[in-house]
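What the coordinates show
So you can see what is in the structure, the chains are spelled out below.
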Amino acid sequence: MAFPPQLKIAATYMRGGTSKGVFFKLDDLPQAAQTAGPARDKLLLRVIGSPDPYGKHTDGMGGATSSTSKTVILSRSDRADHDVDYLFGQVSIDKPFIDWSGNCGNLTAAVGSFAISNGLVDAARIPENGIAVVRIWQANIQKTIIVHVPITNGEVQETGDFELDGVTFPAAEVQVEFMDPASDEDGEGGSMFPTGNVVDEFEVPGLVKLQATFIDAGIPTIFVNAADIGYTGTELQGAINENADALLMFEKLRAHGAVKMGLIDSIDEAAARQHTPKIAFVAPPADYVSSSGKPVNASDIDVLVRAMSMGKLHHAMMGTAAVAIATAAAVPGTLVNLAAGGGDRNFVVFGHPSGTLRVGAEAKKINGEWTVTKAIMSRSARVLMEGWVRVPQS
């Protein structure tokens, strides 16, 4: 019996923030995968090693977690004042499914570096030494993101002394600015608060009535109070991810919240939209010990936040969810703002399972509607491996 050969596709394996994924240039993909559709999804699923009923990704490039089962496709942008178009795919581990509904804020930090190193940014825009400003069009959410990439002797500088909780080793700091990150439905300026309120009563069958903040900034996110669902906000992954009942409860909250936000019409559709919305819980500052064993003191943070990603508690914090946190913290009266002590603030330091993160946002009220001009955070990124991936030709 004859079997087909393997395809050999140029690819780069990169870490960005607390995530990592497989990066491709659009024109390096096979012709059938250069446009959205089943051929592209089938190829990228095989690259990552999904679906994997063993939950290990042994036969692929994925890491069998939501943070490491990711793909990125980049190309030169034909949009004015943009350098590169960035498309992100969140790959399900155990299902034959890729969610294209949102961005990965962590991997955004690696997009600028990849774009420069792979000739997607005009050479005239790259200094010999200093900071290269890369203008990204995020194709999933139709938004502009600006990344500031350090350059040394004309090359991307990846090593440095910037430390990021959730990442073991220090690296060069990359500042990321999410411009106008609030919802923009169909280009018609959708509300940052889809329900029209900064806090809503949230009724979910079988659960007590909750308060919730529904926000669409960075990524659609549902915030609830930790105490309302029986938690303190200091939990690490094991407290949630090893509790099947807890995981079902969070998915129930997420599905009903997606309907309330107008993202889906019925909770049955939530299974096909795993990447968005996110569900997170918040609490006032408290002392705890992070997953690395590092003590986090209440006096060093403004608020505690834990967030779910692809059905599991995230080991740190998704970059896009950090944008939602920064934005919600900047708007008086949201659950994030109240847990942080209330009032006006343009930055917040929050505690997550791996440590802490400082994020900022500029929010203002115009004609009775809250809007955010940009959210800012620092991440780091580096190439882990580059060359080719191989997948069986179908």
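The shown structure was predicted, so the numbers you read here are calculated from the model rather than taken from an experiment.

Looking only at helices and strands, one finds six helices and 21 strands in the protein chain. Taking 21 Å as the expected radius of gyration for a compact globule of 394 residues, we find that the protein chain reaches 20 Å, a close match to that expectation. Considering only C-alpha atoms, the protein chain reaches an extent of 60 × 55 × 45 Å along its principal axes. In the protein chain, which comprises 394 residues, the share counted as buried stands at 53%. Sequence-distant contacts, at least 24 apart, represent 63% of the contacts inside the protein chain between residues at least 6 apart. In the protein chain, which carries 32 positive and 44 negative side-chain charges, the distance between the mean positions of the two groups comes to 4 Å.

Below, the discussion takes up helix H2 (residues 105-117). Largest kink in H2: about 25°, centred on Val111. Along H2, twelve of the 13 residues are buried, which leaves the element largely enclosed by surrounding structure. Positive phi shows up at Gly119, right after H2, with a value of about 70°.

Under the definition given, this model contains eleven salt bridges. Close ionic contact of Lys374 with Glu177 constitutes a salt bridge, the shortest N to O distance being 2.9 Å. Residue Lys374 is found in strand E20 (residues 369-379), and its partner Glu177 is found in strand E9 (residues 174-179); the two are separated by 197 residues along the sequence. A single burial state applies to Lys374 and to Glu177, both of which are buried. Here the salt bridges share partners, and the residues they tie into one network are Asp83, Arg125 and Arg135.

Attention now goes to the pairing of strand E6 (residues 130-138). Successive side chains on a regular strand alternate, one facing one side of the sheet and the next facing the other. Sheet topology places strand E4 (residues 84-91) next to E6; three bridges connect them, and they run parallel. Within the sheet, the bridge partner assigned to Val84 lies in E6 and is Ile136. Linking E6 to strand E7 (residues 143-152), which pair antiparallel, is a turn of four residues; within it Gln142 sits at a positive phi near 60°.

A few words on the pairing of strand E2 (residues 19-25). The element E2 is extensively covered by neighbouring structure, given that five of its seven residues are classed as buried. Strand direction decides the pairing type here: strand E1 (residues 6-16) and E2, joined by five bridges, are antiparallel. Of the residues in E2, the one forming a bridge with Tyr13 is Val22. Hairpin connection from E1 to E2: two residues lie between these consecutive antiparallel strands, with Gly17 at a positive phi of about 60°. In terms of strand pairing, E2 meets strand E3 (residues 70-76) through four bridges, oriented parallel. The residue of E3 that forms the bridge with Lys25 is Leu74. Note that the unit made of E2, helix H1 (residues 38-48) and E3 has a crossover that is right-handed.

So, about the confidence of the model for the protein chain. For the protein chain, the mean per-residue pLDDT works out to 95, and 98% of the residues sit at or above 70. Contacts of residues 185-189 to residues separated by more than four positions or lying in other chains number three contacts, the stretch itself having pLDDT below 50.

Let's shift gears to the packing of aromatic side chains. Summed over all chains, the structure comprises five aromatic pairs. On the basis of an interplanar angle of 25° and a centroid distance of 5.5 Å, the ring pair of Phe250 and Phe281 is categorised as stacked. In this pair, Phe250 sits in helix H4 (residues 244-260) while Phe281 sits in strand E13 (residues 278-283), placing the two residues 31 residues apart along the sequence. Accessibility classification places Phe250 together with Phe281 in one group, the buried group. An aromatic cluster of three or more residues is present, and its members are Tyr231, Phe250 and Phe281.

A few words on helix H5 (residues 319-330). Look at H5: 17 Å from first C-alpha to last across twelve residues, which is about the 16 Å you get at 1.5 Å a residue. Judged by how many residues are buried, H5 sits mostly within the fold: twelve of twelve residues are covered. Among the residues making up H5, those that are buried are Gly319, Thr320, Ala321, Ala322, Val323, Ala324, Ile325, Ala326, Thr327, Ala328, Ala329 and Ala330.

Along the chain, Leu304 turns up in strand E16 (residues 303-309). Take Leu304: its relative accessible area is 0%, and that puts it in the buried class.

With that settled, the discussion passes to the environment of Val331. Its location among the elements puts Val331 in the loop between H5 and helix H6 (335-339). A sequence separation of 266 residues divides Val331 from Thr65, and the C-alpha atoms of the two residues are 32 Å apart. Ignoring sequence-local partners within four residues, the contact set of Val331 consists of Met192, Phe193, Val198, Asn337, Ala363 and Trp370.

By secondary structure assignment, the location of Ser354 is in the loop between strand E18 (347-352) and strand E19 (355-366). From its side chain, Ser354 meets the backbone oxygen of His315 in a polar contact 2.5 Å long. Once residues within four sequence positions are removed from consideration, Ser354 is found in contact with Asp165, Gly166, Ser290, Ser291, His315 and Ala316.

Moving on, we get to the environment of Asp94. Structurally, Asp94 can be placed in the loop between E4 and strand E5 (98-99). Along the primary structure Asp94 and Thr232 are separated by 138 residues, whereas in three dimensions their C-alpha atoms are 30 Å apart. Contacts of Asp94, omitting those with residues within four sequence positions, involve Pro51 and Asp52. Within the structure, the side chain of Asp94 is placed 3.5 Å from the side chain of Lys95, a separation counted as a polar contact.

What counts, and where the lines are drawn
Each residue is numbered by its place in its chain's sequence as written, counting from 1. Two thresholds apply to this predicted model, a pLDDT of at least 70 for residue-level local features and 80 or more for giving and counting side-chain atom pairs, whereas whole-chain, interface and lining totals are computed over all residues. Side-chain measures were taken over the full set of non-hydrogen atoms in the model, leaving aside hydrogen atoms and water. Put simply, DSSP marks the helices as runs of H or I at least four residues long and the strands as runs of E at least two long, and each gets a number from the N terminus on. The globule rule used here is 2.2 Å times the number of residues to the 0.38 power, and the radius of gyration it is set against is calculated over C-alpha atoms. Only protein chains enter the area calculation, which uses a 1.4 Å probe; residues under 20% of their type maximum are buried, those over 50% are exposed, and those in between are partly exposed. Any pair of residues with heavy atoms lying within 4.5 Å of one another is described as a contacting pair. The charged-residue count follows a simple rule in which Lys and Arg add positive charge and Asp and Glu add negative charge, with His and chain termini not counted at all. Charge positions are represented by NZ for Lys, CZ for Arg, CG for Asp and CD for Glu. Bend angle per residue: angle between axes fitted to the 7 residues ending at that residue and the 7 residues starting there. A pair is scored as a salt bridge if a Lys or Arg side-chain nitrogen falls within 4 Å of a carboxyl oxygen belonging to Asp or Glu. DSSP calls a pair of strands paired once it identifies at least 2 bridges connecting them. The handedness rule is simple: strands pointing away from the viewer, and a clockwise path from the first strand over the helix to the second, make the crossover right-handed. By definition, pLDDT measures how confident the predictor is in each residue, and it falls between 0 and 100. Each aromatic pair joins two rings of Phe, Tyr and Trp (for Trp, the six-membered one) with centres within 6.5 Å, and gets the label stacked for planes under 30 degrees apart, edge-to-face for over 60, and tilted for any other angle. Here the expected span of a helix is defined as 1.5 Å times the quantity of residues minus one. Counted as a polar contact is a pair of N or O atoms within 3.5 Å, where, for protein atoms, one must be capable of donating a hydrogen and the other of accepting one, and residues adjacent in sequence contribute only when both atoms are in side chains.

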